[in-house]
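# Structural overview
Given next are the chains, with one letter for each unit.
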Amino acid sequence: MIPRNVRKTTVVIGAGHAGLAMSHCLTSRSIDHVVLERGEVANSWKTERWDSLRLLTPNWQSRLPGFGYDGDDPDGFRSMPETIRFIEQYAKSFSSPVHAHTTVTSVRTEGDGYQITTDRGEWQARTVVLATGACNLPVVPAIAAALPADMRTLTSRDYRNPDQIEAGGVLVVGASASGTQIAEELQRSGRPVTLAVGEHIRAPRTYRGRDIKWWMDAAGVMNDRYDEIDDIVRVRNVPSLQLAGSDDRRTIDLNRLTGLGVRLVGRLAGVANGKLQFSGSLRNVCEMSDLKMNRLLERIDAWATENGLDKEVEPSQRLEPTRVEASPPLQLDPRKAGIKTVIWAAGLRPDYSWLQVPVLDRKGRVRHDGGVVDAPGMYLLGLPFLRRRKSTLIDGAADDARDLTAHLTQYLS
Ligand SMILES: Cc1cc2nc3c(=O)[nH]c(=O)nc-3n(C[C@H](O)[C@H](O)[C@H](O)COP(=O)(O)OP(=O)(O)OC[C@H]3O[C@@H](n4cnc5c(N)ncnc54)[C@H](O)[C@@H]3O)c2cc1C
């Protein structure tokens with residue numbers, strides 16, 4: 001039966017790990033709610049990721065409220081089927097009230113709460129939690145329209161495996177986690193890759209004998225708070241670390257990629273007369289990235305010393321600076337260079353086209369203070385640095401969901 005104006009205290013939109021973490025916290029406080037999901041639980045992992053993807057966070061780093069990893073490989077990295085199973089098991093573990101295949105088409109203010117319209121009924125709620133994810137839409141710059149008509153283009157969200165890509169060269173645009181992983185896979189499949197490199201953050205997979213994520217967690221880096229950061233708007237736009245999860249725990253930085261034969265060029269800045277134009281900033285962005293990585297390693301070293309770990313772990317080390325060719329090309333004719341496909345890995349962004357409450361700024365971002373939205377009783381979860389550096393990771397949902405549930409409970413009372 002299609003629900004008609006069913007009243008709930010809270011409607012959570014989205015059954016990824018973030019919406020489920022919130023559902024768990026609401027359940028613990030006996031707050032009656034539903035979770036509306038356009039697909040199935042873990043929909044993004046089921047439908048929007050490439051086949052070989054593994055989490056770049058180790059298995060142990062997925063501590064959700066009331067749930068976590070209990071296998072015998074805490075330092076391993078989940079494949080996609082394992083990630084999906086993990087999130088499905090989480091939903092089952094506390095019988096989260098998920099309504100699957102229910103797409104929210106509008107949320108608007110109604111009385112002292114909200115009217116939530118879906119393609120399968122309507123709900124009314126005093127409070128709403130937006131947990132629809134940070135990665136709904138690929139960022140594709142306007143210059144994409146000027147690419148030669150015979151070039152095939154796709155986004156990191158649509159990429160599945162090398163068999164999908166015709167033989168010949170590939171330009172991957174974006175050198176963060178997705179771009180570098182896809183570039184490596186395609187280069188190894190025999191398709192020569194050119195990688196357009198903009199701002200990125202380099203990081204070694206292991207440092208002083210331990211996983212970089214272990215260090216960042218232990219040293220408190222992941223717990224840095226949004227209200228203690230000077231320029232939070234800028235930091236929220238910083239790309240993901242250049243990391244991958246693999247059995248051999250390899251570092252997937254630009255030096256590794258050039259060692260495999262990948263050609264580096266600057267940020268794709270334009271397309272003129274069918275030619276690709278690249279920014280001259282390649283060396284600068286690489287130096288900046290090395291600098292930021294070294295700052296992170298310095299923070300880790302200082303923490304290790306303060307905590308008496310220096311004798312227990314390997315000595316401090318620094319990676320070779322990123323190698324950049326003396327004069328990387330500023331222009332390429334894709335036909336002459338044999339580039340047949342462009343893959344946009346320049347970032348992903350949320351989609352709030354269904355949100356009819358005036359809380360979006362001029363860039364389409366929800367106005368909020370640490371997830372407390374600028375509309376009474378509305379909350380947001382799962383965005384980069386929402387409340388903490390870890391907010392957009394599986395491991396970050398617990399603290400944020402607990403904080404926001406506490407706020408929501410107080411609001412209701
Ligand atoms: C390529 C990639 C790799 C990543 N790797 C890691 C990693 O290694 N470790 C890690 O911790 N994090 C990783 N992340 C980040 C993050 O954990 C994921 O993006 C995660 O999916 C975010 O969880 P979420 O619950 O916030 O959003 P999602 O998992 O995207 O869940 C949002 C849900 O909302 C639903 N939805 C959206 N709009 C509507 C609507 N209008 N009506 C109803 N339902 C709707 C979606 O179908 C989806 O199920 C990665 C992200 C990407 C893109």
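Above this text you will find the structure in question.
Presented here is an overview of the structure given in this document. Per chain, residue numbering runs from 1 following the sequence as it is written. With the structure being a predicted model, the display of local features is reserved for residues of pLDDT at least 70 and the display and counting of side-chain atom pairs for 80 or more, all residues being used for whole-chain, interface and lining totals. The basis for every side-chain value is the complete set of non-hydrogen atoms in the structure, without hydrogens or water.

## Describing the packing of helix α1 (residues 17-28) against helix α3 (residues 80-93)
Rule in force here: Simply put, an axis is a line fit to the C-alpha atoms, just over the touching stretch for a helix, and the angle between two N-to-C directions goes from 0 to 180 degrees. Secondary structure elements follow DSSP: runs of H or I of four or more residues count as helices, runs of E of two or more count as strands, with numbering from the N terminus. Oblique is the label for any angle not under 35 degrees, not over 145, and not in the 65 to 115 range, which are roughly parallel, roughly antiparallel and roughly perpendicular in turn. When the near helix sits turned anticlockwise from the far one by under a right angle, the crossing is termed left-handed; a clockwise turn instead gives a right-handed crossing. Residue contacts follow a heavy-atom distance rule, with two residues in contact if any of their heavy atoms lie within 4.5 Å. Residue polarity follows a fixed list, in which Ala, Val, Leu, Ile, Met, Phe, Trp, Tyr, Cys and Pro are nonpolar, Asp, Glu, Lys and Arg are charged, and the others, Gly among them, are polar.
Interhelical geometry of α1 versus α3 gives an angle of 20 degrees and a closest axis separation of 10 Å. One way to sum up the angle between α1 and α3 is to call them roughly parallel. With respect to the hand of their crossing, α1 and α3 are arranged in left-handed fashion. Contacts between α1 and α3 pair H17, L20, A21 and H24 from the former with I87, Y90 and A91 from the latter. In the contact of α1 with α3, the residues fall into five nonpolar, two polar and no charged.

## Details of the sheet that holds strand β15 (residues 263-266)
We count it as follows: In this scheme, strands are said to pair when DSSP sees at least two bridges between them.
Spatially, β8-β19-β9-β10-β15 is the arrangement adopted by the five strands of the open sheet, whose pairing is parallel. On the outer flanks of this sheet lie β8 (152-155) and β15, each paired with one strand and no other. On average, each strand axis in the sheet is inclined to that of its neighbour by 25 degrees, with strand direction left out of account. Taken together, the four bridges between strand β9 (residues 169-173) and strand β10 (residues 193-197) define a ladder with parallel strand orientation. Bridge assignment links L171 to a residue of β10, and that residue is T194.

## A closer look at the site of the ligand
So the rule is basically this: Near is defined per residue: the residue qualifies when any heavy atom it owns lies within 4 Å of the molecule or strand. In the analysis that follows, any N or O atom pair within 3.5 Å is treated as a polar contact, provided that within protein one partner can donate a hydrogen and the other can accept it, and provided that, for residues neighboring in sequence, both atoms belong to side chains. For accessible areas, the Shrake-Rupley method is used with a probe of radius 1.4 Å. Any residue's cover is judged against the shown protein chains and nothing else.
Surveying the vicinity of the ligand reveals 32 residues, the closest of which are E37, S44, L56, T57 and I394. Here an oxygen atom of the ligand sits 3.0 Å away from a polar atom, N or O, in the side chain of R49. Within the contact set of the ligand, a nitrogen atom lies 2.9 Å away from a backbone nitrogen or oxygen of V104. Here the ligand, which alone exposes 970 Å², has 94% of that area covered by the protein. The set of elements that each furnish at least two residues to the shell around the ligand consists of α1 and α2 (43-47). Sorting elements by how many residues they give to the shell around the ligand places α2 first, with three residues. Of the residues that constitute the shell around the ligand, the class distribution is 16 nonpolar, 13 polar and three charged.

## Observations concerning the sheet that holds strand β18 (residues 331-332)
Sheet architecture is open: three strands sit in the order β16-β17-β18, paired in antiparallel fashion. What marks the edges here is a single partner per strand, and that holds for β16 (268-272) and β18. As paired strands, β16 and strand β17 (residues 275-278) are joined by four bridges and run antiparallel to one another. Bridge pairing in β17 links A272 to K275.

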